[in-house]
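The lines below spell out each chain.
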Amino acid sequence: MAGRPGYLTLPIFSVLAAIGYVYYTAVFVAVPRWLGLSTAAGVANAAAFTALAAACLATYAVAVRRDPGRVPPGFVPDVEDAEGAVHEIKRKGGDLRYCQKCCHYKPPRAHHCRVCKRCVLKMDHHCIWINNCVGHENYKIFLVFVLYAVVASFYALILIIGSVLHSVPKDEQSGSDSARTSIIICGVILSPLALALAVLLGWHIYLIIQNKTTIEYHEGVRAMWLAEKGGDLYHHPYDLGVYENLISVLGPNIFCWLCPVSNTVGNGLRYCTSYDIPISTPPM
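Residues numbered from 1 in each chain as written. Predicted model: local features only at pLDDT ≥ 70, side-chain atom pairs only at ≥ 80, totals over all residues. Heavy atoms only, no water.

Caption draft 1: Just the overall build of the chain, in detail. Check the secondary structure of the chain and you find six helices and six strands. In the chain, the succession of α and β elements from N to C terminus is α-α-β-β-β-β-β-β-α-α-α-α. Element-wise, carbon and sulfur atoms account for 66% of the exposed surface of the chain, whose accessible area totals about 16,000 Å². (Helix = DSSP H or I, 4+ residues; strand = E, 2+ residues; numbered from the N terminus. Areas by Shrake-Rupley, 256 points an atom, 1.4 Å probe, with all protein chains shown as cover.)

Caption draft 2: Quick look at the pattern of salt bridges. What the rule picks out here adds up to three salt bridges. Across the salt bridge formed by Asp-67 and Arg-70, the nearest N and O atoms sit 2.9 Å from each other. Taking the relative accessible area as the measure of exposure, Asp-67 reaches 28% and is therefore partly exposed. As a salt-bridge pair, Asp-67 and Arg-118 come within 3.2 Å of each other at their nearest N and O atoms. Taken as a pair, Asp-67 in the loop between helix H2 (40-65) and strand S1 (98-99) and Arg-118 in strand S4 (residues 118-120) lie far apart in primary sequence, 51 residues in all. Among the ionic contacts, a cluster of salt bridges with common partners joins Asp-67, Arg-70 and Arg-118. (Salt bridge = Lys/Arg side-chain N within 4 Å of Asp/Glu carboxyl O. Buried < 20%, exposed > 50% of the residue type's maximum accessible area, 1.4 Å probe, protein only.)

Caption draft 3: Quick peek at the UniProt feature "transmembrane region" (unreviewed entry) in the chain. What UniProt calls "transmembrane region" (unreviewed entry) maps, in this numbering, to residues 7-31, 43-63, 141-162 and 182-209. The straight-line gap between the two end C-alpha atoms of residues 7-31 is 35 Å; of that span, 88% is helix and 0% is strand. Its end C-alpha atoms 39 Å apart, residues 182-209 is made of 100% helix and 0% strand. (UniProt positions renumbered as here; feature names shortened; annotations may be inferred.)

Caption draft 4: The nonpolar core, seen in detail. Grouped together as the largest cluster of nonpolar side chains are 24 residues, with contacts concentrated most on Tyr-60, Ile-130, Val-134, Tyr-139, Phe-142 and Val-146. Taken together, the elements giving at least two residues each to this core come down to helix H1 (10-34), H2, helix H3 (139-165), helix H4 (176-209) and helix H6 (242-250). A total of eight residues in this core trace back to one element, the largest contributor, which is H3. (Core = buried A, V, L, I, M, F, W, Y, C linked by side-chain atoms within 4.5 Å.)

Caption draft 5: Expanded view of the packing of H2 against H3. Where H2 meets H3, the closest approach of the two axes is 9 Å, and the angle between their N-to-C directions is 150 degrees. One finds that H2 runs roughly antiparallel with respect to H3. Read as a crossing pair, H2 and H3 show a hand that is left-handed. On H3, the residues that touch Asn-45, Ala-48, Phe-49, Leu-52, Ala-55, Cys-56, Thr-59, Tyr-60, Val-62 and Ala-63 of H2 are Ile-141, Phe-142, Val-144, Phe-145, Tyr-148, Ala-149, Val-151, Ala-152, Tyr-155, Ala-156 and Leu-159. (Axes fitted to C-alpha atoms, helices over the stretch in contact; angles between N-to-C directions. Parallel < 35°, antiparallel > 145°, perpendicular 65-115°, else oblique. Left-handed = near helix turned anticlockwise from the far one by under 90°. Contact = heavy atoms within 4.5 Å.)

Caption draft 6: Main features of the packing of aromatic side chains. Throughout the structure, instances matching the rule amount to 10 aromatic pairs. For the pair Trp-203 and Tyr-217, a centre-to-centre distance of 4.9 Å together with 90 degrees between the ring planes defines the contact as edge-to-face. With a gap of 14 residues between them, Trp-203 in helix H4 and Tyr-217 in helix H5 (residues 214-229) connect regions that are remote in the sequence. For Trp-203, a relative accessible area of 26% translates into the label partly exposed. A relative accessible area of 24% places Tyr-217 in the partly exposed class. Feature note: the residues Tyr-23, Tyr-24, Phe-28, Phe-49 and Tyr-155 constitute an aromatic cluster, connected by ring pairs. The residue whose ring lies beneath Arg-109 is Tyr-238, and the NZ or CZ to ring-centre distance is 4.2 Å. (Phe/Tyr/Trp six-rings, centres within 6.5 Å; stacked < 30°, edge-to-face > 60°. Lys NZ or Arg CZ within 6 Å of the ring centre and 35° of its normal.)

Caption draft 7: Highlighting the environment of Leu-193. With respect to the secondary-structure elements, Leu-193 resides in helix H4. Judged by its relative accessible area of 33%, Leu-193 falls in the partly exposed class. When the C-alpha positions of Leu-193 and Ser-153 are compared, they lie 7.6 Å apart, and in sequence the two are 40 residues distant.

Caption draft 8: Region of the structure containing a nonpolar patch on the surface. Among the surface-exposed residues, Leu-8, Phe-13, Leu-16 and Leu-57 lie close enough to one another that they form a single nonpolar patch of about 370 Å² accessible area. Topologically, Leu-8 is positioned in the segment before H1. For Leu-8, a relative accessible area of 52% corresponds to the exposed category. (Patch = residues over 30% accessible without salt bridge, like charges linked within 9 Å, V, L, I, M, F, W, Y side chains within 5 Å.)

Caption draft 9: Region of the structure containing the environment of Tyr-148. Note on placement: Tyr-148 falls in helix H3. Separated by 89 residues in the primary sequence, Tyr-148 and Thr-59 place their C-alpha atoms 8.6 Å from one another. Sequence-distant contacts of Tyr-148, defined by excluding residues within four places in its chain, comprise Leu-52, Ala-55, Cys-56, Thr-59 and Leu-258. From its side chain, Tyr-148 meets the backbone oxygen of Leu-258 in a polar contact 2.5 Å long. (Polar contact = N/O pair within 3.5 Å; in protein donor to acceptor, adjacent residues only side chain to side chain.)

Caption draft 10: Broad picture of unusual backbone geometry. One non-glycine residue, Cys-103, lies in positive phi territory at about 60 degrees. Along the chain, Cys-103 falls in the loop between S1 and strand S2 (104-105). Positioned with a positive phi, Arg-109 is a non-glycine residue whose angle comes to about 75 degrees. Its place among the elements puts Arg-109 in the loop between S2 and strand S3 (111-113).

In structure tokens, the structure reads:
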């Protein structure tokens, strides 16, 4: 039971502990040593980092608790609808994709998660750090959390480096050794963490621009190889162009792209493809 979605696990406690330790070191150790909490610059930086840390905690909590998307009971694809969605089929046999474990058909882009023990709409991957799948309903929130975490990590590194380079007054209290130790430990934690989060953010930005999930990327590599082997060209069917791809994940309101709310387009059962006729195109 402890590993199922919605339950607190050791990786989740580790993330919360890391956020708390970095926040304490940045605001109560680095800022006082460099700028001082009694100065306008010190108060401004402490307030800015506090707001950023709060945004990280809020988006992380939503990513942990938000259901990534469930397949409705009794879902059956409407194969007789001429204007309906493009139905995905199995590689072998050409039948509609059916989950033997959940005993229902799979909507487009849905996959079965062995950890969650159910199918997830537009599944990207299962993340142990949130003890949840990243799917249709929480992908944007997960992305925004990673973005805030990257900004907070580099911000904290700047504060730590500034406090190290700052010349400490000679009359400083005897607690300087413990403060220096905290800064060193925090710097050792943040350096690889900031790099890893930046790579993760860049990877998902790359996926969003092409309107792919991590699973679809790996499937596309094989599909591209098979297409080239047969002398054809492979095109990802859900790639609608950069702007439309961004809207499909982040929502139609650009001012809400960085908000911790899920306003993705659609219900996760049908997705526009490059084969669909645009609404603005008049019928022939």
